[in-house]
Amino acid sequence: MSRRAGAPRRRRRPRLPAWTATLTWKAAVFITVMCCVLAALLGVLVHTAVTRQTVGHAREKSLARLTGVSRAYEAGEALPPRSGVDPPGLPGALRALAAGGRRGTMVGRSLGRPVMWAAAPADNGRALAAWTDYGQSARTINGLDGAIIGSSLLAIGATLLVGAFAVTRVTRRLHQTARVARRIGAGDLDARVNDPRTADPARRQDEVAVVAGALDTMASALQRKLQAEQRFTADVAHELRTPLTGLSAAAELLPPGRPSELVQDRARALRALTEDLLEISRLDTGTEHVDLDVHELAPLAARVAQGTGTVVEVTGEPVRVETDKRRLERVLGNLISNAHRHGRPPVVLTVDGPVVTVRDHGDGFPEYLRAGGPQRFRTEAGGKGHGLGLTIAAGQAEAMGAALAFGNAPDGGAVARLTLPHYVRLDGEAP
């Protein structure tokens with residue numbers, strides 16, 4: 001769709017670097033701005049006070065000298081040095097003030113040097129003036145300004161160092177809390193901040209310590225809840241195995257017929273569900289032992305797909321992977337079974353280097369699964385299944401160091417992509 005003629009083009013705002021969003025940067029900018037404002041305010045106040053005092057002293061000195069010059073002028077005596085009637089260099093504004101019958105002073109220059117002029121009215125509309133050296137006063141004011149600027153810069157630098165140290169201590173604790181939160185989110189339920197300020201209840205706690213304590217409390221409660229659920233799942237599965245064994249044996253003794261087949265089918269389904277629950281409980285506890293070995297990926301994947309009606313495509317160069325054969329077969333079997341159960345044919349298994357892709361041509365994976373991974377006992381495929389197959393596949397893939405991703409093909413269908421670690425042969429090792 002083309003832009004309308006004459007429509008104003010929106011100006012894109014430049015994006016600031018990521019570090020400008022950090023608390024340390026914001027605190028440094030705030031401290032710097034406040035220090036500059038405070039230094040400027042104090043500098044102006046000190047400069048104004050000292051300048052007023054210095055100029056006032058120089059003005060009093062010039063007026064006192066002008067008084068002596070006025071007495072000599074009225075007595076008809078010779079005027080003292082650095083005085084005269086309408087002397088050269090007298091500022092025009094001060095000359096006009098004296099010609100109007102008033103006395104005044106003004107800072108100016110005489111012979112290239114700063115002086116303080118004092119003028120009073122003389123006869124015939126002229127101005128009687130005297131001047132004193134203003135160089136020392138000017139040097140005093142300039143030195144004061146330099147000292148104010150230098151001390152302000154020094155104070156800003158020292159304040160920045162102290163503020164950066166204080167803010168860094170806070171941000172370091174915040175980063176530690178964030179790292180622990182990410183570890184908990186990744187599954188490390190033993191991670192804790194353990195802020196020393198939360199260990200002693202009598203010690204005053206700042207806001208960071210309160211957040212750290214709340215995170216530790218939440219992690220402990222979450223860990224207890226998950227461990228209780230894991231124990232419950234494992235206990236239920238273990239308790240079901242004994243009656244299921246008896247039920248399966250009793251079903252085999254039933255006389256042949258449709259009722260017997262139904263009982264045996266339900267018993268096998270319940271037994272498979274129990275075994276899945278036991279496998280999930282072992283994966284949750286993280287006690288699974290991984291038996292790594294080097295295998296040719298394409299033949300292994302083809303053997304798993306054989307007999308399931310799955311089309312196998314091998315692209316790219318054949319590769320060897322270091323993996324747990326039993327777990328890999330379990331993952332691929334669950335992915336193929338899920339594709340046949342919830343998707344539509346044809347189901348295609350593709351081996352491209354160390355990547356194995358299982359694709360069907362059904363409605364695709366639901367949004368919740370693509371966003372957050374499989375969830376046990378949740379499925380949106382007409383109530384078929386318990387959501388355990390993909391959960392086990394994801395857990396076994398993680399256990400053997402592989403990455404399992406779920407997505408949908410652009411032209412429809414679910415796509416499960418398993419990426420295995422590529423085996424790198426060492427120098428001197430036999431191929």
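Here the structure is a predicted model, which is why all the values come from computation and not from measurement.

With reference to specific residues and values, describe the side chain of Gln-396.
Within the secondary structure layout, Gln-396 lies in helix 10 (residues 388–399). Assessed through its relative accessible area of 0%, Gln-396 is described here as buried.

I'd love a proper account of the state of the cysteines, names of residues and values included.
A complete count under the given rule lists zero disulfides for this structure. Lacking any disulfide linkage, Cys-35 is separated from the closest cysteine sulfur, that of Cys-36, by 7.0 Å. Residue Cys-35 is classed as buried on the basis of its relative accessible area, which comes to 14%. Given the relative accessible area of 36%, Cys-36 is considered partly exposed.

How would you sum up the sheet that holds strand 3 (residues 113–121)? Please name residues and give values.
Across the sheet, four strands lie side by side as 1-4-3-2; this open sheet has antiparallel pairing. With partners counted over all chains shown, the strands left at the sheet margins are strand 1 (83–85) and strand 2 (104–110), one partner each. With strand direction ignored, the average angle separating the axes of adjacent strands in the sheet is 30°. Bridging between strand 2 and strand 3 involves seven bridges; their strand directions are antiparallel. Bridging across to strand 3, Ser-110 finds its partner in Arg-113.

Outline a nonpolar patch on the surface, listing residues and values.
There is a patch of nonpolar side chains on the surface, built from Trp-25, Val-29, Val-33 and Val-37 and spanning about 320 Å² of accessible area. You can see Val-33 is positioned in helix 1 (residues 23–74).

Which residues make up the nonpolar core, and what values go with them?
Grouped together as the largest cluster of nonpolar side chains are 33 residues, with contacts concentrated most on Leu-297, Leu-328, Leu-335, Leu-349, Phe-406, Leu-418 and Leu-420. Mapped by element, the contributors of at least two residues to this core are helix 7 (297–305), helix 8 (325–342), strand 8 (348–352), strand 9 (355–359), helix 9 (367–372), helix 10, strand 10 (403–408) and strand 11 (414–419). Setting aside residues up to four positions removed in sequence, Leu-297 forms contacts with Val-319, Val-321, Leu-328, Val-351, Gly-353, Pro-354, Val-355, Val-356 and Leu-420. Membership of the second largest hydrophobic core comes to nine residues, among which are Leu-90, Trp-117, Ala-119 and Ala-129.

Lay out the packing of helix 7 against helix 8 in plain terms, naming residues and giving numbers.
Axis separation between helix 7 and helix 8 bottoms out at 9 Å; the angle between their running directions is 50°. In terms of orientation, helix 7 and helix 8 fall into the oblique class. Here the hand of the crossing between helix 7 and helix 8 comes out right-handed. Contacts between helix 7 and helix 8 pair Leu-297, Leu-300, Ala-301, Arg-303, Val-304 and Ala-305 from the former with Lys-325, Leu-328, Glu-329, Leu-332, Gly-333 and Ile-336 from the latter. In terms of residue class, the contact of helix 7 with helix 8 is built from eight nonpolar, one polar and three charged.

Provide a residue-level description of empty space enclosed by the protein, including the pertinent values.
A full pass over the atoms with the stated rule returns two cavities of 30 Å³ or more. Estimates place the volume of the largest cavity at around 40 Å³. Lining the largest cavity, in full, are Leu-335, Asn-338, Ala-339, Val-358, Asp-360, Phe-365, Leu-390, Ala-414 and Ala-416. Of all elements in the fold, only helix 8 and strand 11 reach the threshold of two or more residues within the lining of the largest cavity. Broken down by element, the lining of the largest cavity gets its largest block of residues, three residues, from helix 8. Taken together, the residues of the lining of the largest cavity sort by class into seven nonpolar, one polar and one charged.

So what's going on with the environment of Thr-274? Which residues, and what values?
With respect to the secondary-structure elements, Thr-274 resides in helix 6 (residues 258–285). Assessed through its relative accessible area of 2%, Thr-274 is described here as buried. On a C-alpha basis, the gap between Thr-274 and His-238 in space is 8.0 Å, while along the polypeptide they are 36 residues apart. Not counting residues up to four positions away in its chain, the partners in contact with Thr-274 are Ala-237, Leu-240, Arg-241 and Leu-244.

Account for the pattern of salt bridges, naming residues and giving values.
In the structure shown here, the tally under the stated rule is 10 salt bridges. Here Asp-86 makes a salt bridge to Arg-95, at a shortest N to O gap of 2.9 Å. Across the pair Arg-173 and Asp-195 runs a salt bridge whose closest N-O atoms are separated by 3.3 Å. With Arg-173 in helix 3 (residues 135–185) and Asp-195 in the loop between helix 3 and helix 4 (196–199), this pair connects stretches of sequence that are 22 residues apart. One exposure class covers both Arg-173 and Asp-195, and it is buried. Residues joined by salt bridges that share partners form a network here, namely Arg-173, Asp-195 and Asp-206.

A description of the environment of Asn-334 should follow, citing residues and the corresponding values.
Relative to the elements of secondary structure, Asn-334 occurs in helix 8. A relative accessible area of 12% places Asn-334 in the buried class. Note: C-alpha distance between Asn-334 and Ala-394 (60 residues apart in sequence) is 9.9 Å. Beyond its immediate chain neighbours, meaning those up to four positions away, Asn-334 contacts Gly-389, Ile-392 and Ala-393.

Could you give an account of the packing of aromatic side chains, naming the residues involved and the relevant values?
Here the structure, examined in full by the defined rule, presents two aromatic pairs. Taking the centre distance of 4.8 Å and the plane angle of 45° together, the rings of Trp-117 and Trp-131 count as tilted. Here Trp-117 is found in strand 3, whereas its partner Trp-131 is found in strand 4 (residues 127–133), with 14 residues between them in sequence. You'll find Trp-117 and Trp-131 in the same group, each marked buried.

Parameters at a glance
- Residues numbered from 1 in each chain as written.
- Predicted model: local features only at pLDDT ≥ 70, side-chain atom pairs only at ≥ 80, totals over all residues.
- Heavy atoms only, no water.
- Helix = DSSP H or I, 4+ residues; strand = E, 2+ residues; numbered from the N terminus.
- Buried < 20%, exposed > 50% of the residue type's maximum accessible area, 1.4 Å probe, protein only.
- Disulfide = S-S within 2.5 Å.
- Pairing = 2+ DSSP bridges.
- Axes fitted to C-alpha atoms, helices over the stretch in contact; angles between N-to-C directions.
- Patch = residues over 30% accessible without salt bridge, like charges linked within 9 Å, V, L, I, M, F, W, Y side chains within 5 Å.
- Areas by Shrake-Rupley, 256 points an atom, 1.4 Å probe, with all protein chains shown as cover.
- Salt bridge = Lys/Arg side-chain N within 4 Å of Asp/Glu carboxyl O.
- Core = buried A, V, L, I, M, F, W, Y, C linked by side-chain atoms within 4.5 Å.
- Contact = heavy atoms within 4.5 Å.
- Parallel < 35°, antiparallel > 145°, perpendicular 65-115°, else oblique.
- Left-handed = near helix turned anticlockwise from the far one by under 90°.
- Nonpolar A, V, L, I, M, F, W, Y, C, P; charged D, E, K, R; others polar.
- 1 Å grid on protein atoms, 1.4 Å probe; cavity = no way out; pocket = protein on both sides within 12 Å on 5 of 7 lines; lining within 4 Å.
- Points joined across faces, edges and corners; volume = space filled by probe spheres on them.
- Phe/Tyr/Trp six-rings, centres within 6.5 Å; stacked < 30°, edge-to-face > 60°.

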